[in-house]
Amino acid sequence: MEKLRGCGLLIKQIHDELRKNANNALRPLDITLVQLDALESLSQAPEGQRTLKELEQILHVAQSTAAGIIARLEQKGFVEGFGDVEDRRVKRVRITPEGLTCFHAALHCRFDAEEKLLSGLTETERDIFYTLLKKVRDSL
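Undergrad: Explain a nonpolar patch on the surface here, please?
TA: Together, Leu10, Ile14, Leu18, Leu117, Phe129 and Leu133 line one region of the surface with nonpolar side chains, adding up to about 470 Å² of accessible area. Mapped by element, the contributors of at least two residues to the nonpolar patch are helix H1 (8–26) and helix H6 (123–139). In terms of residue count, H1 provides more of the nonpolar patch than any other element does, three residues in total. With respect to the helices, strands and loops of the structure, Leu117 is situated in helix H5 (residues 97–118). With a relative accessible area of 36%, Leu117 lands in the partly exposed category.

Undergrad: Even after reading the chapter, I still don't get unusual backbone geometry, so can you show me in this structure?
TA: Among all residues save glycine, negative phi is the norm, and among peptide bonds the norm is trans. Even without being glycine, Glu47 reaches a positive phi, approximately 60 degrees. For Glu47, the location among the structural elements is in the loop between helix H2 (33–44) and strand S1 (49–51). The residue His60 is not glycine, and still its phi comes out positive at about 60 degrees. For His60, the location among the structural elements is in the loop between helix H3 (52–59) and helix H4 (63–75).

Criteria and cut-off values
- Residues numbered from 1 in each chain as written.
- Predicted model: local features only at pLDDT ≥ 70, side-chain atom pairs only at ≥ 80, totals over all residues.
- Heavy atoms only, no water.
- Patch = residues over 30% accessible without salt bridge, like charges linked within 9 Å, V, L, I, M, F, W, Y side chains within 5 Å.
- Areas by Shrake-Rupley, 256 points an atom, 1.4 Å probe, with all protein chains shown as cover.
- Salt bridge = Lys/Arg side-chain N within 4 Å of Asp/Glu carboxyl O.
- Helix = DSSP H or I, 4+ residues; strand = E, 2+ residues; numbered from the N terminus.
- Buried < 20%, exposed > 50% of the residue type's maximum accessible area, 1.4 Å probe, protein only.

Shown next as structure tokens:
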């Protein structure tokens, strides 16, 4: 009977619980999980900057959502937005030193959350789980 339910509900429940726990853990840093994802993307970019369009694609969100995420990070001083020198229609976003500090502090929260998620698995099971997750993601 359990197999008939499919895995979609389980994935959603895991996702919801992870998001709730992550946002609670990140609250003292004054960021959310999606804001952390944006900071991570910027921290990995050349010169710590990307276009707003690139962030939309990386975060898998609409343009208005990406703009809202960046606006909130700008208010906190974690990023700065500016126009592209070659094309004024393009908005660029750069992570600030404060944003980098916040990002590095938040990595500890992410590590702790993943440890909790995987705590019931052996090291071999963790490797298999990660491989299977990537395989499912890549098939979509």
